[in-house]
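Overview (structure and organization)
Chain residues, written in single-letter form:
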Amino acid sequence: MKFDTPAQNNPVDQLKVVGQPRDRIDGPLKTTGTAMYAYEWHDEVENVAYGCVIGAGIAKGRIVSMNTQAALAAPGVLAVITAENAGKLGKGERNAATLLGGPAIEHYHQAIGLVVAGTFEEACAAAALVEVQYQSEGGDWDLADKKPTVTEPPEDSPDKKVGNFNGAFEAAEVKFDATYTTPDQSHMAMEPHASMADWQGEKLTLWTSNQMIHWCHTDLAKTLNIPEENIHVRSPYIGGGFGGKLFLRSDALLAALGARATKRPVKVMLARPLIPNNTTHRPATIQRVRLGADARGHISAIAHESWNGNLPGGPTETATNQSEFLYAGANRLTGLRLAELDLPEGNAMRAPGEAPGMMVLEIAMDEMAEKLDIDPVEFRILNDTQVDPADPTRPFSRRQLVECLRTGAERFGWQARQAKPAQVRDGQWLVGMGMAAGFRNNLVATSGARVQLDAGGVITVETDMTDIGTGSYTIIAQTAAEMMGVPLEKVVVKLGDSTFPVSAGSGGQWGANTSTSGVYAACVKLREAVANRLGLDAARTEFADGQVKAGGRSLPLADAAANGVICVEDSIEFGDLAEKYQQSTFAGHFVEVGVDCATGEVRVRRMLAVCAAGRILNPKTARSQVIGAMTMGLGAALMEELAVDTRRGLFVNHDMAGYEVPVHADVPEQEVIFLEDTDPISSPMKAKGVGELGICGVSAAIANAIYNATGVRVRDYPITLDKLLNGLPDGV
Ligand code: MOS
C-alpha cells in the first residue's frame, strides 16, 4: 500500500482496541521467565558449546604474535578462532571497524579471538591463556585536541544557511554565545549482546538479540560471504537495545564462526566489561550555540554547530537537527564537524542527534531567556513557528509545542518558580525548577507484514519487526484486532524472524507507527480477501464482534477460512508527505530538583512530560516508553559518562560499577500527559514516534532546575557535584 495522501477515516479510528491502555500480551511470558532471550535457546539444539571473546588489549597498532597453543591444550577446548584462521571475511555495510580484528587493531577491545569449549568456564579459563604481543601505535583520542583541525563539514552534510546569520547576529540587540560539551555514553541495555549459532550443512540459524533483523541478516551474509537465503535470524525477545543492537556485532559473527569450526551449536555473549569498548556508544560532542534577539525576545539569529569524533566510516552525530526546526528566526546557521578519532565506534543511541542536541540548545534557551529577563516558557512560546523556518511553504503536519508548554506549566505549578536563582530552601536543600522543550523528528520507513485468518477465527501476524521492550507485540495485536473486528485474545503476533516480511524495525522511534501501518496495509488486503470469500461487497463490509457484515447480512469471520486459511502480505510505503510537511514530535519537560547546600548532591524531586506525538496507540506502553526515556535523560544529566583515557585510547569505566545509570532510588515522581494529536499526515495509524521524544530535552530541564536552585550554570555534562561545589551560595 502506498501512503501518499493524508489518511481518511479508516477502521482504526473506531479505537475499540487501538488507543486503549491494554496490558502487554507478552507480559506473562516475561514475568514468568518463559520468554526466550538470545542466550537461552539451548533446548532447540543439541550439544551446545560456549565461546569466550578475547578483546584487544591496545587501542591502535598491530598484533605481532598470538600464541594459542596453551589455550588449545586446555581442558574442554574445541577451537580458537582468530582472523588468521577464520577464512576471508567481508564487512557489513553498517560496521566502521571490522568485527574480528587482527593483525591490525582499530580500537580497544576490538574482538581478536574466540575460544570455544564445552563449558563457558573452560572457554574463559582457556582465553586467559592466549598470549598476545602487540606493537602499539599512537592515536587520536581527544576530541577537544582534534577540534581545531576540523574546519569543513562532512561531504554528505553541508552547513545549512538561511538568511545572513553573521550580519543578523552582529546587529542583534541581545546576543548570547556559549560552548557546551556532552560526553560519550553507553547504552547499557540489561541484556548483553548475545547470540547462538547452529549450522546444518550450508544453512546457518542465528538466535540473537538485534533491533533490525534485516540489517543483521544482510550484513551477516556479507561478512560471511554467503547467500542471504542460507541464513535464518531469530530474535523474538530483546532485553533492551537503545541503539546498541541496531547492527551486526561481534557476538553474532563469532558465534557463526565458532559453530562452523567446531560443527556444534555455539553460544557467544559479550561479557559486560567488553560491551562499552567492543560495541558502539553515543559519541561525545562539543557544541556552540549563538542566539541573537531583539529586546522583546524575538530571535533574529540562531546558530548551532557541533563537533564529534569517530573512526573512519563512522557516522556524524547530527546534534544540530532540532535547531533547524524548533524556533523561528530569519537568519540561521547549523553545521556539523566530524573529527577522526581512534576510540571505539560511535553510533546511534536513543534519539541520536536530538538527544545531545537538545541537552545543549535548551540550556542555551534558558540562558538567553534570563539575559532577556523573560520567563523561559514565554520565551519559547514567543519564538514558536508553525512552518519550517527554512521554507515557509512547508508546514508542520501537526505542531503543538505551545500547548505542551502551557499545559505543563499549569500542571507543574510553574508560576511558583522564583526567577532569581538560589531563593528557595527546604532544610539542607536548595530547591529549583527548570523546564525545556522536547523535540524529535518523526521518521517513516517501508514496513511489511503477513496476516492470516484460520478456521478458528484466529488472526496470526508475522513481521520481522522487533520488540525491544517497547510493546511492539501488543500494539501490533491491537492493530490487527481493530482491523479485523476481533478481540485481542484472537490475535497471535510473531516477530523478529528473518523468514517474515521485512519491517522498518526498531530504531529512530519509527517502529511503532511504521510497523503497525504495515500491519494495517496487510489487514486491508485480508479484509478484501475475506469479503471475496464470503461473497460480500468488499467496499461496504464492516468487521466487528467476530462478524463480517454487509448489505444486511452478517457472517462469522471464521467462516471465510472454513475451506482453508487465508494468508496475505503487504507493506506500507511512504510517498512524499514527509517532504511536503515537516513531521516532528513535541514535548514540554518540567523538573524540580533539590541540591544539598553543603555537598552539592543533586536529587531530582519531580518530573513532568507533556507530549504531542500523534495518536497514542496504547497509553500504557507509551507511558512506559516516556518514563523510561525521562529516566535516561536523568542519567545523562547527572551520571552517565564514559571516561576516556586520552593516553591509551579507551573507555576506562567499562562496566556497570563504573558507568553509572539511575536506579529506582534516583528516580522520583514522574508524570506523563499525552495531548490529543491525531496526525493524518504521518500514516494510516495517524500515530508518530514517542520512545525517543521522551529523552529529548529532559537533561537540559534538569540542568536549568539546578541553576535555578543554586545559581551555578554548568555547561559540561554530566552535572556531578564537583562542578557545583565551588559555586554554591555562601553562608548556607
Ligand atoms: Mo535507536 S538509537 O535508532 O535504537
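1. Some words on the overall build of the protein
- The helix and strand tally for the protein stands at 17 helices and 32 strands.
- The C-alpha radius of gyration computed for the protein amounts to 27 Å, which stays within 12% of the reference 27 Å derived for 732 residues, consistent with globular compactness.
- On the principal axes, the C-alpha backbone points of the protein span a range of 80 × 75 × 50 Å.
- Looking at the protein residue by residue over its 732 residues, the buried ones come to 62%.
- In the form shown here, the protein has an accessible surface area of approximately 26,900 Å², with 49% of it arising from carbon and sulfur atoms.
- Here the protein contributes 66 positively and 89 negatively charged side chains, and the mean placements of these two sets differ by 2 Å.

2. Topic: the nonpolar core
- Residues Leu326, Val593, Val595, Leu638, Ile702, Ile706 and Leu724 are the most contacted members of the largest nonpolar core, which totals 91 residues.
- The dominant element in this core, judged by the number of residues it contributes, is helix H9 (residues 354–372), at 11 residues.
- Within the second largest apolar cluster, 45 residues are counted, among which are Val17, Leu526, Ala531 and Leu534.

3. Focus on the pairing of strand E12 (residues 231–234)
- Note that strand E11 (residues 203–208) and E12 share four bridges and pair parallel. Of the residues in E12, the one forming a bridge with Leu206 is Val233.
- Crossover handedness for the path E11 to helix H6 (residues 213–224) to E12: right-handed.

4. A few points about the side chain of Asp366
- For Asp366, the position within the fold is in helix H9.
- Judged by relative accessible area, Asp366 falls into the buried class, the value being 4%.
- Sequence-distant contacts of Asp366, that is, excluding residues within four places in its chain, are made with Pro376, Arg380, Asn704, Tyr707 and Arg713.

5. A word on the pattern of salt bridges
- Scanning the model with the defined rule gives 37 salt bridges in all.
- We note a salt bridge from Glu489 to Arg22, for which the minimum N-O separation is 3.5 Å. Residue Glu489 is located in the loop between helix H12 (472–484) and strand E23 (491–494), and its partner Arg22 is located in the loop between strand E1 (2–3) and helix H1 (27–31); the two are separated by 467 residues in the primary sequence.
- Ionic pairing is found between Arg603 and Asp666, a salt bridge with its closest N-O pair at 3.6 Å. Taken together, the positions of Arg603 in strand E29 (residues 602–612) and Asp666 in the loop between strand E31 (650–651) and strand E32 (669–674) put the pair 63 residues apart, joining distant regions of the chain.
- Residue Arg603 is classed as partly exposed on the basis of its relative accessible area of 29%.
- Classification of Asp666 by relative accessible area gives buried; the value is 18%.
- The network of salt bridges with shared partners includes Asp13, Arg615 and Lys686.

6. Some thoughts on the packing of helix H15 (residues 619–638) against helix H16 (residues 698–710)
- For the pair H15 and H16, the least separation of the axes is 7 Å and the interaxial angle reads 50°. Overall, the two elements H15 and H16 adopt an arrangement that is oblique. Judged by the twist between their axes, the crossing of H15 over H16 is right-handed. Each of Met630, Gly633, Leu634, Ala636, Ala637 and Leu638 in H15 lies in contact with H16, whose residues at this interface are Val698, Ser699, Ile702 and Ile706.
- Residues of the contact of H15 with H16, tallied by class, amount to eight nonpolar, two polar and no charged.

7. Digging into the sheet that holds strand E14 (residues 285–293)
- Pairing is mixed in the open sheet, where five strands are placed in the order E8-E16-E15-E14-E9. The open sheet has two edge strands, strand E8 (160–162) and strand E9 (174–182), and neither has a second partner. Each strand of the sheet is rotated relative to its neighbour by a mean of 10°, with strand direction disregarded.
- Where E14 and strand E15 (residues 299–310) come together, nine bridges link them in antiparallel fashion. Across the sheet, residue Gly292 finds its bridge partner in E15, namely Ala301.
- Of the strands in this sheet, E9, E14 and E15 are in contact with H9, which crosses E9 at around 150°.

8. Let's talk about helix H7 (residues 250–262)
- The end-to-end C-alpha distance of H7 is 18 Å, a good match for the 18 Å that 13 residues give at a rise of 1.5 Å each.
- Buried residues dominate H7, accounting for 11 of its 13 residues.
- Backbone geometry just after H7 places Lys263 at a positive phi near 55°.

9. Concerning the environment of Ala437
- Assignment of secondary structure puts Ala437 in strand E20 (residues 429–441).
- Taking the C-alpha atoms as reference points, Ala437 and Ala221, 216 residues apart in sequence, are found 43 Å from one another.

10. As for the sheet that holds strand E19 (residues 424–426)
- Across the sheet, five strands lie side by side as E19-E20-E28-E29-E32; this open sheet has mixed pairing. In the strand order of this sheet, the two ends are held by E19 and E32, each with one partner. Across the sheet, the axes of successive neighbouring strands diverge by a mean angle of 25°, strand direction being ignored.
- Bridge analysis of E20 against strand E28 (residues 584–596) gives 13 bridges, and the strand direction is antiparallel. Residue pairing for E28: Phe439 is matched across the bridge by Phe586.
- Strands E20, E28, E29 and E32 of the sheet are contacted by helix H11 (residues 401–412), whose axis makes an angle of about 30° with E28.

11. Here's the deal with the domain arrangement of the protein
- Once the domains are mapped, the protein shows domain 1 (2–17 + 444–578), domain 2 (49–138 + 190–271) and domain 3 (353–440 + 583–727).
- Taking only C-alpha atoms into account, the centre of domain 1 sits 36 Å from that of domain 3.
- Tallying the contact residues gives 28 residues for domain 1 and 23 residues for domain 3.
- Contact between domain 1 and domain 3 buries roughly 1,900 Å² in total, counting both sides, with carbon and sulfur atoms accounting for 54%.
- For the domain 1 face of the interface with domain 3, the top three residues by lost area are Thr470, Gln509 and Asn513, together amounting to 30%.
- Where domain 1 meets domain 3, there are two salt bridges.
- Salt-bridge contacts for Arg615 lead to Asp13; the nearest nitrogen and oxygen are separated by 2.8 Å.
- The tally of links from domain 1 across to domain 3 stands at 16 residue pairs in polar contact (both at pLDDT 80 or more).
- Elements supplying a minimum of two residues to the side of domain 1 that touches domain 3: H12, helix H13 (511–534), strand E27 (566–574) and helix H14 (577–580).
- Here the side of domain 1 that touches domain 3 gets five residues from one element, more than from any other, and that element is H13.

12. Digging into the packing of H6 against H7
- Running from N to C, H6 and H7 cross one another at 50°; their axes reach a closest spacing of 11 Å. For the element pair H6 / H7, the angle class is oblique. Crossing angle aside, the handedness with which H6 passes H7 is right-handed. Contacts between H6 and H7 involve Leu220, Thr223 and Leu224 from the first element and Leu253, Ala256, Leu257 and Arg260 from the second.
- Within the contact of H6 with H7, the residues separate by chemical class into five nonpolar, one polar and one charged.

13. A short note on the packing of aromatic side chains
- Enumeration over the complete set of coordinates arrives at 10 aromatic pairs.
- Relative to Phe439, the ring of Phe325 lies with its centre 6.4 Å away and its plane at 15°, an arrangement referred to as stacked. Placement of the pair is Phe325 in the loop between E15 and strand E16 (331–340) and Phe439 in strand E20, with a sequence separation of 114 residues. Take Phe325 and Phe439: they sit in the same class, and that class is buried.
- Through a chain of ring-to-ring contacts, three or more aromatic side chains come together here, namely Phe325, Phe396, Phe439 and Phe586.
- Here Lys147 stacks its cationic end above the ring of Trp307, 4.2 Å away from the centre of that ring.
- Between Arg713 and the ring centre of Tyr707, over which it is positioned, the NZ or CZ distance is 3.9 Å.

How each quantity is defined
- Residues numbered from 1 in each chain as written.
- Predicted model: local features only at pLDDT ≥ 70, side-chain atom pairs only at ≥ 80, totals over all residues.
- Heavy atoms only, no water.
- Helix = DSSP H or I, 4+ residues; strand = E, 2+ residues; numbered from the N terminus.
- Rg over C-alpha atoms; globule rule 2.2 N^0.38 Å.
- Buried < 20%, exposed > 50% of the residue type's maximum accessible area, 1.4 Å probe, protein only.
- Areas by Shrake-Rupley, 256 points an atom, 1.4 Å probe, with all protein chains shown as cover.
- Lys, Arg positive; Asp, Glu negative; His and termini not counted.
- Charge placed at Lys NZ, Arg CZ, Asp CG, Glu CD.
- Core = buried A, V, L, I, M, F, W, Y, C linked by side-chain atoms within 4.5 Å.
- Pairing = 2+ DSSP bridges.
- Right-handed = clockwise from strand over helix to strand, strands pointing away.
- Contact = heavy atoms within 4.5 Å.
- Salt bridge = Lys/Arg side-chain N within 4 Å of Asp/Glu carboxyl O.
- Axes fitted to C-alpha atoms, helices over the stretch in contact; angles between N-to-C directions.
- Parallel < 35°, antiparallel > 145°, perpendicular 65-115°, else oblique.
- Left-handed = near helix turned anticlockwise from the far one by under 90°.
- Nonpolar A, V, L, I, M, F, W, Y, C, P; charged D, E, K, R; others polar.
- Expected span 1.5 Å × (residues − 1).
- Domains from an automatic or database assignment.
- Buried area = accessible area lost by both parts, 1.4 Å probe.
- Polar contact = N/O pair within 3.5 Å; in protein donor to acceptor, adjacent residues only side chain to side chain.
- Phe/Tyr/Trp six-rings, centres within 6.5 Å; stacked < 30°, edge-to-face > 60°.
- Lys NZ or Arg CZ within 6 Å of the ring centre and 35° of its normal.

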